[in-house]
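Read off the chains here:
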Amino acid sequence: MKARVTVTLKTGILDPQGKAIEGALKSLGVDGVASVRQGKVFDIELAGGDKTKAEAVLKEAADKLLANTVIENYRVEIV
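All values derive from a computational prediction rather than experimental measurement. (Residues numbered from 1 in each chain as written. Predicted model: local features only at pLDDT ≥ 70, side-chain atom pairs only at ≥ 80, totals over all residues. Heavy atoms only, no water.)

Draft legend 1. Region of interest: the pattern of salt bridges. Enumeration over the complete set of coordinates arrives at 7 salt bridges. A salt bridge links Lys19 to Glu22; the shortest N-O distance between them is 3.7 Å. With Lys19 and Glu22 both in helix α1 (residues 16-27), this residue pair falls 3 residues apart, about one helical turn. You can call Glu22 buried: its relative accessible area is 8%. Taking the shortest distance from any N to any O, the salt bridge between Lys26 and Glu22 comes out at 3.1 Å. Here the residue Lys26 and the residue Glu22 both occupy positions in helix α1, the gap between them amounting to 4 residues, near one helical turn. (Salt bridge = Lys/Arg side-chain N within 4 Å of Asp/Glu carboxyl O. Helix = DSSP H or I, 4+ residues; strand = E, 2+ residues; numbered from the N terminus. Buried < 20%, exposed > 50% of the residue type's maximum accessible area, 1.4 Å probe, protein only.)

Here is the structure:
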């Protein structure tokens, strides 16, 4: 079973890397970029076929390791 965990900064948290990417895009001539927020994506393959159990395991992994839940949100998707 394949899953994806997407981690993004919470609203209101400053994103200096996103600002740097925004500036670089503008300097490369990419027009129309209003703002950029960066994040992380984890594509994970799991053994077994129990979607409910897989989602619970991935949420635990995100809480403990993949995301800093003080400043980041995460979303778990079973693909």
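This is not the end of the story, as more comes after the structure.
Draft legend 2. Highlighting the nonpolar core. Among the nonpolar cores identified, the biggest contains 8 residues, and these are Ala3, Val5, Val7, Leu58, Ala62, Leu66, Ala67 and Val76. Secondary-structure elements contributing two or more residues to this core are β1 (2-9) and α2 (51-66). Residue contacts for Leu58: discarding those within four places in its chain leaves Ala3, Val5, Ile44, Leu46, Val76 and Ile78. (Core = buried A, V, L, I, M, F, W, Y, C linked by side-chain atoms within 4.5 Å. Contact = heavy atoms within 4.5 Å.)

Draft legend 3. Quick peek at the sheet that holds strand β2 (residues 39-45). Pairing is antiparallel in the open sheet, where 3 strands are placed in the order β2-β1-β3. At either margin of the open sheet sits one strand with a lone partner, and together these are β2 and β3 (72-78). Strand-to-strand twist of the sheet, defined as the mean angle between neighbouring strand axes without regard to direction, takes the value 15°. The pairing of β1 with β2 spans 7 bridges and is antiparallel. (Pairing = 2+ DSSP bridges. Axes fitted to C-alpha atoms, helices over the stretch in contact; angles between N-to-C directions.)

Draft legend 4. Here's a closer look at α1. With 12 residues, α1 should reach 16 Å at 1.5 Å per residue; the first-to-last C-alpha distance of 16 Å fits that figure. Directly after α1, the chain includes Gly29, whose backbone phi takes a positive value near 90°. (Expected span 1.5 Å × (residues − 1).)

Draft legend 5. Layout of the environment of Ile44. By the element assignment, Ile44 lies in strand β2. A residue is classified by how much of its surface remains accessible, and Ile44, at 23% relative accessible area, is partly exposed. C-alpha separation for the pair Ile44 and Ile78, spaced 34 residues apart in sequence, amounts to 9.4 Å. Those residues in contact with Ile44, other than ones at most four positions away along the chain, are Met1, Lys2, Ala3, Val5, Leu58 and Leu66.

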